[in-house]
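Okay, here's what each chain looks like letter by letter:
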Amino acid sequence: MSDQEFSDEDFVYVDPDLKKAIGLVEWDKDGNAKPIEWPRVEKPLAEGETPRKSFRKPKIRYYPWGSYKTMCKLYKLQGKVKDKDTEDYIKLEEAVSKLQNEPYWN
């Protein structure tokens, strides 16, 4: 299902990394939501790097779920998503010069 097929009142599972709705929430016989496991993505090793041995068993993660309207607000599923790393960044030299000239700059 694509994001367009959900209404605001539908309960959906969300993948925060991909910023998309996975599907409708499935309920068990007691009325509780069935947890769907969120698979771990292994980072590729750099050239010449040896794999590290983990000392602990990795924690099992589950997809978050909620109403489609709420999940859109929390995880920004629709519309433009502003990239914080590029748009809100000011170089240190610019910030220092502005601060010396104008103590209260925007």
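Up top is the structure.
Conventions and cut-offs
Position numbers for residues start from 1 in each chain and track the written sequence from start to end. Residues qualify for local features only when their pLDDT is at least 70, as the model is predicted, and side-chain atom pairs are given and counted only at 80 or more; totals for whole chains, interfaces and linings, by contrast, use all residues. In computing side-chain properties, one takes all heavy atoms of the structure into account and sets aside hydrogens as well as water. Any two strands between which DSSP finds at least two bridges are classified as paired. Only DSSP runs of H or I with at least four residues qualify as helices, and only runs of E with at least two residues qualify as strands; both kinds are numbered from the N terminus onward. Throughout, an axis means a line fitted to C-alpha atoms (over the contacting stretch in the case of helices), and angles, computed between N-to-C directions, take values from 0 to 180 degrees. The rule is simple: take the accessible area with a 1.4 Å probe, protein chains only, and divide by the maximum for that residue type; under 20% is buried, over 50% is exposed, in between is partly exposed. A patch consists of residues exposed above 30% relative accessible area that lack any salt bridge, with like charges linked at up to 9 Å and nonpolar side chains (Val, Leu, Ile, Met, Phe, Trp, Tyr) linked at up to 5 Å. To be clear on the numbers: accessible area is Shrake-Rupley with a 1.4 Å probe, and residue cover counts the displayed protein chains and nothing else. Within this document, salt bridges are pairs made up of a side-chain nitrogen of Lys or Arg and a carboxyl oxygen of Asp or Glu, the two lying within 4 Å of each other. A pocket, in this scheme, is an open set of points on a 1 Å grid over the protein atoms alone with protein on both sides within 12 Å along at least 5 of 7 lines, while a cavity is a set where a 1.4 Å probe fits but cannot get out; residues line either one if an atom lies within 4 Å of a point. Grid points are joined across faces, edges and corners, and a volume is the space filled by probe spheres set on the points. Two rings from Phe, Tyr or Trp (for Trp, the six-membered ring) form a pair when their centres are within 6.5 Å of each other. A pair whose planes differ by under 30 degrees is stacked, one over 60 is edge-to-face, and the rest are tilted. In this scheme, the term charge over a ring applies when either NZ of a lysine or CZ of an arginine sits within 6 Å of the ring centre and within 35 degrees of the ring normal. Put simply, a nonpolar core is a bunch of buried Ala, Val, Leu, Ile, Met, Phe, Trp, Tyr and Cys residues held in one set by side-chain atoms that sit within 4.5 Å of each other.

Caption draft 1: Fine view of the sheet that holds strand β1 (residues 11-15). Pairing is antiparallel across the open sheet formed by three strands, whose spatial order is β2-β1-β3. Two strands lie at the open edges of the sheet, namely β2 (20-24) and β3 (65-67), each paired on one side alone. In this sheet, neighbouring strand axes are inclined to one another by 45° on average, regardless of whether the strands run parallel or antiparallel. Bridge analysis of β1 against β2 gives four bridges, and the strand direction is antiparallel.

Caption draft 2: Main features of the pairing of β1. Counting buried residues along β1, four of its five residues qualify, which places the element largely inside the surrounding structure. Where β1 lies against β3, three bridges are found, and the strand directions are antiparallel. Of the residues in β3, the one forming a bridge with Val12 is Gly66. The loop that links β1 with its antiparallel partner β2 comprises four residues; one of these, Lys19, has a positive phi angle of about 55°.

Caption draft 3: Here's a closer look at a nonpolar patch on the surface. On the surface, a cluster of nonpolar side chains totalling about 320 Å² of accessible area is made up of Phe11, Trp27 and Trp65. Take Phe11: its relative accessible area is 38%, and that puts it in the partly exposed class.

Caption draft 4: Here's a closer look at the layout of surface pockets. In this structure, the largest pocket spans a volume of roughly 350 Å³. In this structure, the largest pocket is lined by Arg40, Val41, Glu42, Lys43, Arg52, Lys53, Ser54, Phe55 and Pro58.

Caption draft 5: Seen up close, the packing of aromatic side chains. Taken as a whole and assessed by the stated rule, the structure comprises five aromatic pairs. Geometrically, the ring pair formed by Phe11 and Trp27 is edge-to-face, given 5.9 Å between the ring centres and 90° between the ring planes. Taken together, the residues Phe11 in strand β1 and Trp27 in the loop between β2 and β3 connect sequence positions 16 residues apart. A centroid spacing of 6.0 Å and a plane angle of 75° characterise the contact between Phe11 and Trp65, whose relative ring orientation is edge-to-face. Here the residue Phe11 occupies a position in strand β1, and Trp65 occupies one in strand β3, the gap between them amounting to 54 residues. Since its relative accessible area comes to 39%, Trp65 is described here as partly exposed. The ring of Trp38 carries Arg61 above its face, with NZ or CZ at 4.0 Å from the centroid.

Caption draft 6: Expanded view of the nonpolar core. Among the nonpolar cores identified, the biggest contains eight residues, and these are Phe6, Val12, Val14, Ala21, Tyr68, Met71, Cys72 and Leu77. Those elements giving two or more residues to this core turn out to be β1 and α1 (68-75). Examining the composition of this core, we find that three residues originate from one element, α1, more than from any other.

These values are about where atoms sit, not about what they do.
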